[in-house]
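# Structure assessment
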Amino acid sequence: MQTWVEERIKEYNEGRRMLEKYRASLLEPKHQTDKQREELTIINGMISDLQYSVEWMRSGRRPGGRRGVDAKDAYKRSVLLNMDLFPSLDLDYKEPELTDEQKKAIVRVLLRMTERERECFLLHMAHGMSFAQIGKELSLSRGTVQHHIMRAKAKIPAALQHQAI
């Protein structure tokens, strides 16, 4: 089964081949008229446009791009365009249950942090906020938020190790 993109690529390639045959027939006579030269220029442009379009459809990006995202091959990931190809996505995901001991360990870790570290850490890790968003929320600079979160993360192994003793 072909996707619509694969079908268009096939059609464009067939059209390009037909134009190339026609171009070859225009090149055969040794003495070309001005009208034939003009038509040859138009045919060459059409072939070039078809090649450009096919390359764009194949790669998912502008052909010949040398800047930004194109230079980093961000579009190399393939995407399934036909939803019928996906298997059933009926996934039964259960939220893991924490034991009372695990909950106590989390509380002990959080209590070892300063109030500001705990606040920044929870906004970042539990709520998924960026450093900039947290900074705006708490009226702090992005660097200060990052510093608080780094310090909070550094305290976690020490708190867990201290708890095990």
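Residues numbered from 1 in each chain as written. Predicted model: local features only at pLDDT ≥ 70, side-chain atom pairs only at ≥ 80, totals over all residues. Heavy atoms only, no water.

### Structural notes on the overall build of the protein
This is how it is decided: Segments assigned H or I by DSSP are reported as helices when at least four residues long, segments assigned E as strands when at least two residues long, and all are numbered from the N terminus. Buried residues are those whose accessible area, probed at 1.4 Å on protein chains only, stays under 20% of the maximum for their type, while exposed residues exceed 50% and partly exposed ones sit between those limits. Note on contacts: a residue pair qualifies if any of its non-hydrogen atoms lie within 4.5 Å across the two residues.
Scanning the protein for helices and strands turns up 7 helices and 0 strands. Secondary structure elements of the protein occur, N-terminal to C-terminal, as α-α-α-α-α-α-α. Burial analysis of the protein (165 residues in total) assigns 21% to the buried set. Put simply, of all contacts in the protein between residues at least 6 apart along the chain, 51% involve residues at least 24 apart.

### Overview of the nonpolar core
What counts, and what does not: Here the nonpolar core consists of buried residues drawn from Ala, Val, Leu, Ile, Met, Phe, Trp, Tyr and Cys, with membership extended through side-chain atoms lying within 4.5 Å.
Cys120, Leu123, Met129, Phe131, Ile134, Leu138, Val145 and Ile149 together form the largest nonpolar core, which totals 8 residues. Contributions of two or more residues to this core are made by helix H5 (115-125), helix H6 (131-138) and helix H7 (142-164). Here this core takes 3 residues from H6, the largest share from any one element. Each residue touching Ile149, except ones within four places of it in the same chain, is listed here: Cys120, Phe121, His124, Phe131 and Ile134.

### What about the confidence of the model for the protein?
Convention followed: Note on scores: pLDDT gives the predictor's confidence for each residue, bounded by 0 and 100.
In this model, the protein carries an average pLDDT of 80, and 77% of its residues clear a pLDDT of 70 or more. Model confidence for the protein, summarised as mean pLDDT per element, is weakest for helix H3 (residues 68-71) at 54 and strongest for H6 at 93.

### Focus: the layout of surface pockets
In plain terms, the rule: Method remark: on a 1 Å grid restricted to protein atoms, a set of points is classed as a cavity if a 1.4 Å probe fits but cannot get out and as a pocket if it is open with protein on both sides within 12 Å along at least five of seven lines; lining residues have an atom within 4 Å of a point. Grid points are joined across faces, edges and corners, and a volume is the space filled by probe spheres set on the points. Each residue gets one label: Ala, Val, Leu, Ile, Met, Phe, Trp, Tyr, Cys and Pro are nonpolar, Asp, Glu, Lys and Arg are charged, and the others, such as Gly, are polar.
Its boundaries defined by the atoms lining it, the second largest pocket holds a volume of some 190 Å³. If you trace the second largest pocket, you find it lined by Ala105, Ile106, Val109, Leu110, Phe121, Leu122, Met125, Ala126 and Leu160. With 4 residues, the top contributor of residues to the lining of the second largest pocket is helix H4 (residues 100-111). Residues belonging to the lining of the second largest pocket are distributed by class as follows: 9 nonpolar, no polar and no charged.

### What about H5?
A turn of α-helix holds 3.6 residues, and therefore any two residues three or four places apart point the same way. Keep this limit in mind: Taking the helix axis as origin, the arc is that swept by the directions to the C-beta atoms.
Taken as a whole, H5 has its buried residues at Glu117, Cys120, Phe121 and Leu123. Looking straight down H5, one finds its buried side chains confined to an arc of 170 degrees; they lie on one side.

### Brief notes about H6
Looking at H6, one finds that the buried residues are Phe131, Ile134, Gly135 and Leu138. Along H6, the residues classed as buried sweep out an arc of 100 degrees about the axis, all on the same side. What points out from H6, more than 90 degrees from its buried face, is the exposed set Lys136 and Glu137. Ser139 occupies a position one or two residues after H6 and carries a positive phi of about 60 degrees.

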